[in-house]
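# Structural features, examined
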Amino acid sequence: MRSHRGVDVQVVPERSGAVTDDSFPTDEAEVPTVSCTRCDREWTLDDERDDLDPGSHAIEQFALDHERHTGHYPDDVSPWIVRCRHCPDGEQFLSERPARRWAETHARHTRHAVRIEAPTGDEDIVSREIDDALED
């Protein structure tokens, strides 16, 4: 079992190649498997394999789709959560970069403080007012 960007991925041993969303050897890529103990199921991402071109995020997309349809993430997937401290706006992401981008964009446009919660439990506050004070 390997963890990739917060998504638990099992490698099928009879095939060879790297299991990442960013780089796959041509036809010999291993097929990742995602499991969910709450659903008591395991999915081999054969259908998504064709979508795993460089830059593709099919494994992450599967985890996001699973959460949208079931209300929870597959095993060992913990999202980055961003929440506005002033309005009900917020999102969940599987990596820090898009979470931070969303928080910074929301703070820039609304001047609201946004809390970023990492899967580790660490928190950060993004606020346009804090940025403005640092510039003065």
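Structure: above.
Quantities reported herein were computed from a predicted structural model and do not represent experimental measurements. (Residues numbered from 1 in each chain as written. Predicted model: local features only at pLDDT ≥ 70, side-chain atom pairs only at ≥ 80, totals over all residues. Heavy atoms only, no water.)

## Some points on the overall build of the protein
- Check the secondary structure of the protein and you find four helices and eight strands.
- Put simply, the protein runs from its N terminus to its C terminus through helices and strands in the order β-β-β-β-α-α-β-β-α-β-β-α.
- Put simply, the protein has 136 residues, and 38% of those count as buried.
- Sequence separation of 24 or more characterises 38% of the internal contacts of the protein that already satisfy a separation of 6 or more.
- With the model as given, the accessible surface of the protein reaches about 8,400 Å², and the carbon-plus-sulfur share is 43%. (Helix = DSSP H or I, 4+ residues; strand = E, 2+ residues; numbered from the N terminus. Buried < 20%, exposed > 50% of the residue type's maximum accessible area, 1.4 Å probe, protein only. Contact = heavy atoms within 4.5 Å. Areas by Shrake-Rupley, 256 points an atom, 1.4 Å probe, with all protein chains shown as cover.)

## Side note on helix H2 (residues 58-70)
- Taking 1.5 Å of rise per residue, 13 residues should cover 18 Å, and H2 covers 18 Å from first to last C-alpha, within 8% of that figure.
- Every buried residue belonging to H2 is among Ala58, Ile59, Glu60, Phe62, Ala63 and His66, and all of these are buried.
- Looking at the residues trailing H2, positive phi occurs at glycine 71, about 90°. (Expected span 1.5 Å × (residues − 1).)

## What about unusual backbone geometry?
- Unusually for a residue other than glycine, aspartate 40 sits at a positive phi of about 55°.
- By secondary structure assignment, the location of aspartate 40 is in the loop between strand S3 (32-36) and strand S4 (41-44).
- Positioned with a positive phi, arginine 111 is a non-glycine residue whose angle comes to about 60°.

## Points about the sheet that holds strand S7 (residues 114-117)
- Pairing is antiparallel across the open sheet formed by four strands, whose spatial order is S6-S5-S7-S8. The sheet is open, and its two borders are formed by strand S6 (90-93) and strand S8 (123-126), each paired with just one other strand. Adjacent strand axes in the sheet meet at a mean angle of 15°, parallel and antiparallel pairs treated alike.
- Pairing analysis gives four bridges linking S7 to S8, with the strands arranged antiparallel. Each bridged residue has a counterpart across the sheet, and for arginine 115 the counterpart in S8 is isoleucine 125. (Pairing = 2+ DSSP bridges. Axes fitted to C-alpha atoms, helices over the stretch in contact; angles between N-to-C directions.)

So yeah, pure geometry; function would need other evidence.
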